[in-house]
Amino acid sequence: MKRKWIPLALLACLVTGTALAGVDGHWLHVRVEESGADGEKVNVNIPLSLVMAIIPTIQTDEFRGGRINLDAGEIDDIDLHAILKAFRESPDAEYVTIDGRDESVRVSKERGFLLVNVDDDNDRVRVRLPLDVVDALLGGADDELDLLAALDALARSGGGDIVTVESDDESIRVWIDTHAGGK
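Residues numbered from 1 in each chain as written. Predicted model: local features only at pLDDT ≥ 70, side-chain atom pairs only at ≥ 80, totals over all residues. Heavy atoms only, no water.

Asks: Help me understand the side chain of Ser-108 in this model?
Replies: Turning to its location among the elements, Ser-108 is positioned in strand β6 (residues 103–110). Judged by relative accessible area, Ser-108 falls into the buried class, the value being 11%. Discounting chain neighbours no more than four positions away, the residues touching Ser-108 are Phe-87, Ala-93, Glu-94, Tyr-95, Phe-113, Leu-114 and Leu-115. (Helix = DSSP H or I, 4+ residues; strand = E, 2+ residues; numbered from the N terminus. Buried < 20%, exposed > 50% of the residue type's maximum accessible area, 1.4 Å probe, protein only. Contact = heavy atoms within 4.5 Å.)

Asks: What is the right way to look at unusual backbone geometry in this model?
Replies: It is generally the case that most residues other than glycine have a negative phi and that most peptide bonds are trans. Despite not being glycine, Arg-111 shows a phi value in the positive range, around 45 degrees. Within the element layout of this structure, Arg-111 appears in the loop between β6 and β7 (113–120). By relative accessible area, Arg-111 is classed as exposed at 67%.

Asks: For this particular structure, what's the right way to read the pairing of strand β2 (residues 41–47)?
Replies: Look at any regular strand and the pattern is simple: side chains alternate between the two faces of the sheet. The pairing of strand β1 (residues 27–34) with β2 spans seven bridges and is classified as antiparallel. Bridging across to β2, Leu-28 finds its partner in Ile-46. The loop that links β1 with its antiparallel partner β2 comprises six residues; one of these, Gly-36, has a positive phi angle of about 100 degrees. (Pairing = 2+ DSSP bridges.)

Asks: Explanation requested: the sheet that holds strand β9 (residues 144–146) in the structure shown.
Replies: If you walk across this open sheet you meet the three strands as β3-β4-β9, and the pairing is antiparallel. A single partner strand is all that each edge strand has here, and the edge strands are β3 (63–64) and β9. Sheet topology places β3 next to strand β4 (residues 67–69); two bridges connect them, and they run antiparallel. By the bridge assignment for β4, Arg-64 is matched with Arg-67.

Asks: When you look at the pairing of β1 in this model, what are you seeing that I'm missing?
Replies: As defined by bridge partners, β1 adjoins strand β11 (residues 170–177) across eight bridges and the pair is classed as antiparallel. Paired with Val-30 across the strands is Val-174, a residue of β11.

Asks: What should I look at first to understand the pattern of salt bridges in this one?
Replies: Pairing between side chains of opposite charge can happen when their charged atoms approach one another. Scanning the entire structure with this criterion turns up ten salt bridges. Ionic pairing is found between Glu-33 and Arg-31, a salt bridge with its closest N-O pair at 3.9 Å. Here Asp-99 makes a salt bridge to Arg-106, at a shortest N to O gap of 3.0 Å. Via salt bridges that share partners, Arg-67, Glu-144 and Asp-146 belong to a single interconnected network. (Salt bridge = Lys/Arg side-chain N within 4 Å of Asp/Glu carboxyl O.)

Asks: How do you make sense of the sheet that holds strand β8 (residues 123–130) when you look at a structure like this?
Replies: Strand pairing in a sheet relies on backbone hydrogen bonds. The paired strands run either parallel or antiparallel. If you walk across this open sheet you meet the eight strands as β2-β1-β11-β10-β8-β7-β6-β5, and the pairing is antiparallel. Here the strands that pair on one side only, and so sit at the sheet edges, are β2 and β5 (93–99). Direction aside, neighbouring strands of the sheet carry axes that sit 5 degrees apart on average. Both β8 and strand β10 (residues 160–167) contribute to a ladder of five bridges, which runs antiparallel. What sits directly across from Arg-126, in β10, is Thr-164. Sitting on the sheet, helix α4 (residues 80–89) touches β5, β6 and β7, and the angle it makes with β6 is about 75 degrees. (Axes fitted to C-alpha atoms, helices over the stretch in contact; angles between N-to-C directions.)

Take it as geometry only, folks, not as evidence of what the structure does.
Dropping the structure here:
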C-alpha cells in the first residue's frame, strides 16, 4: 500500500476527531482502500468521546494541552492572524491557481470554507475546511496552533467529508457523521 497519504489521514483523524468528541453521537471515520485483487482495506470508526478522552493524555514538547507548539523560527516573519483576517474579509473567489505540466493546485474561499484542490498525474486531493475552524486554530498565541479550539469549531460546523484522496492505486476518505459504521 502506498504510504505517503497515511500521515495526512492520521493528521485528519487527530484534527477532526478531537473536536467532535464532545458531541454526543458523532463518529470520526477514515477509510483507506488499495485497488487491485490483493488490495488492503482499512476502516477506522472511532466514537469521538473516546478520542476526547485520549487526547489529554498526550504530552510532548510540541503538543501540550491540545495546543501544537510551532518552531518560532519558521513563522517569525509571517503574521498568520493577519493573513487569515484578510482572507476571511475577502470575497469568495479562487485565490491561488497553479497549472503546471504535472500538477494543478487551486486554493479558494467559498461559502465559509477554505478549499484546497491538488491534482497531479496520479493523485487527486480535496480538503474542505470551514473558516471558523481555521480561525479557531489560529486563535491562540502566535507560536502555536490551538488544536482543541479548532476541533470544537469543527464540531459546531457539523459533519461531512474533510479530506479525500484518490490515486491510481488507493483512495482515502476522512469524514464525520453520526453513523457508527460510516457510510
